Amino acid sequence: MPVRGKIGVIGGGISGLAAAYRLAKNGHDVVLWERNTVLGGQAAAFPVAGSELEFFYHHLFTSDADIQDLMEELGIADELLWLDSSVGFFADGKIYPLQGATDLLQLDFIPLHDRIRIGLATLYLQKKTDWREFEQISAADWLRTAVGERAFDRVFGAQLRAKFGPRYDQVAMVWFWNKIHLRTQSRKSPLQREKLGYIRGSWNTLINRLGDAIGERGGRVEIGVGTESIAQAEDRSWIVQTSRGQTVQCDALVATTPSPILLKLVPNLPEWYKEKLTSAVYQGAVAMILRMNQPLTDIYWLNIGDPSIPFTGVIEHTNFIDPENYQGNHFLYISKYLDQDHPYLTMSEDDLFAEYAPYLQRINPAFSPDWVRERWVFRERAAQPIITLNYSQHVPEHRTPLHGLYLANSAQIYPEDRGTNYSIRIGNKVATIVQNDLDHGYLSVTRDSR
Ligand SMILES: Cc1cc2nc3c(=O)[nH]c(=O)nc-3n(C[C@H](O)[C@H](O)[C@H](O)COP(=O)(O)OP(=O)(O)OC[C@H]3O[C@@H](n4cnc5c(N)ncnc54)[C@H](O)[C@@H]3O)c2cc1C
């Protein structure tokens, strides 16, 4: 007979929702606290133009099996759409379409010899399935050797710098390999167009269904309630103080916050575990969303390869999802990854738009700020853990050294890159670990069990 306990989940992003759903399904008495006024964390969406749109652009790859399985289980598999994507690269004032491997040969801002080297390196990375040899070498070093300094500087290096800024040369080749490998799996052949997944009505369709499913199994989801402090009682249960002034006692806690927040909540973690938590350095992200009366380009995902442009990419959502879903409006994200002290993390929306507008004109000279009907800015400090050399040795364990305290966050996703599919995977995994610990008596039930 499986043992049941009272389990608290801190954070209502995808990891927390997945963990809480599994635990509630196993019959535990679950309470989830989300400090924001909406569920979903980085994948959350807000109402726009008769539909909903993510704060930060989202899509899925065909290899994202965990999210597909969960949607099937929740009865919403039909809401997953697989659509043609279109990718481009902006350099030397021109958009280069990158739909298939042969498009690499059209990158005429570098000599043909360099384009062939890029094509061969990409092909090699697509075929490679063992990531371990990429753990000990930086992406910059591997790619420089593979394609030469000039091609690296103009193409791969430009992308690495745009995403990781001054830390670009610390990123392990595993991270880059994974990007190429995933995109290949989303194509049936290197010459075919890539298919990407989107959830009809936004990621909120999944988020709301998960929230409901937790409730249907007797769990409680508390939105707008932060976990202010947690402390271990003498009987090794956990005492949680919430921002609403409640005190809640739990047999176990699953934290799904970014690592720096866990460090603040639990300052007495053993040093060796703290070191693992602090070794995960995050890039932040700022997304400006523009609602426009016409498209900027005909590309969904435009990588910026021009170092004078202050953003990382332009993602035109309505070149992926038909504008008819948004009452004919066109939605575009201007994406920027940045360091924690970058001014864009605090700059006003007006100033940020004034900074970006001339560069939108560079991408499409006809662009006029009059095209913009509405705009929003969303910022996230823990957007992308930087995968450094030998990262496997730094990944913090889900079972923390403190009895009954567990962690599931994006710094534990490896060798894959973070994403909602893997947040579901680690949410499922941490729920299984908690159940095993209860069943084997490593975790004791002190009170409130059903
Ligand atoms: C710009 C950008 C683009 C992305 N694109 C994609 C994409 O295309 N496809 C994809 O699959 N993924 C994408 N992702 C990644 C994906 O959204 C995340 O990896 C995933 O949503 C992380 O989920 P999580 O639950 O682990 O963390 P989070 O979403 O960060 O959730 C953690 C939650 O904990 C809450 N919290 C923090 N402290 C407390 C506290 N003290 N008490 C209570 N609650 C607390 C937070 O409010 C938050 O809701 C993107 C992310 C960004 C930033």
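Residues numbered from 1 in each chain as written. Predicted model: local features only at pLDDT ≥ 70, side-chain atom pairs only at ≥ 80, totals over all residues. Heavy atoms only, no water.

Engineer: Give a detailed account of unusual backbone geometry, specifying residues and quantitative values.
Structural biologist: Of note, the amide linkage connecting Tyr 414 to Pro 415 takes the cis form, showing an omega dihedral of 10°. Within the secondary structure, Pro 415 sits in the loop between β19 (405–407) and α11 (420–439). One non-glycine residue, Ser 202, lies in positive phi territory at about 90°. As for its placement among the helices and strands, Ser 202 is situated in the loop between β8 (195–199) and α7 (204–216). Of the residues examined, Ser 202 reaches a relative accessible area of 0% and is grouped as buried. Even without a glycine there, the phi angle at Asn 390 is positive, about 50°. Topologically, Asn 390 is positioned in the loop between β18 (372–385) and β19. (Helix = DSSP H or I, 4+ residues; strand = E, 2+ residues; numbered from the N terminus. Buried < 20%, exposed > 50% of the residue type's maximum accessible area, 1.4 Å probe, protein only.)

Engineer: How would you explain the site of the ligand if you had to name every residue and give the values?
Structural biologist: Taken together, 27 residues are adjacent to the ligand, and Ser 15, Glu 34, Gln 42, His 58 and Thr 420 come closest. Taking Asn 36, its side chain carries an N or O atom lying 3.4 Å from an oxygen atom of the ligand. Contacts to the ligand include Tyr 57, whose backbone N or O atom sits 3.0 Å from a nitrogen atom. Relative to its unbound accessible surface of 1000 Å², the ligand loses 94% to contact with the protein. (Near = heavy atom within 4 Å. Polar contact = N/O pair within 3.5 Å; in protein donor to acceptor, adjacent residues only side chain to side chain. Areas by Shrake-Rupley, 256 points an atom, 1.4 Å probe, with all protein chains shown as cover.)

Engineer: Tell me about the pattern of salt bridges, and please be specific about residues and values.
Structural biologist: One pass over the structure, following the stated rule, counts 26 salt bridges. Two residues, Arg 144 and Glu 149, come together in a salt bridge whose shortest N-O distance is 3.0 Å. Of the residues examined, Glu 149 reaches a relative accessible area of 47% and is grouped as partly exposed. Linked through salt bridges whose partners overlap, the residues forming this network are Arg 22, Lys 25 and Glu 73. (Salt bridge = Lys/Arg side-chain N within 4 Å of Asp/Glu carboxyl O.)

Engineer: Before we move on, could you go through the nonpolar core and cite the residues and values that matter?
Structural biologist: If you look at the biggest cluster of nonpolar residues, it comprises 112 residues, and the most contacted ones within it are Leu 143, Leu 160, Phe 176, Trp 203, Leu 206 and Val 254. Excluding its chain neighbours within four sequence positions, the residues that come into contact with Phe 176 are Leu 125, Ala 139, Leu 143, Phe 156 and Leu 160. Of all hydrophobic cores here, the second largest spans 28 residues; its members include Leu 296, Leu 345, Tyr 356 and Phe 367. (Core = buried A, V, L, I, M, F, W, Y, C linked by side-chain atoms within 4.5 Å. Contact = heavy atoms within 4.5 Å.)

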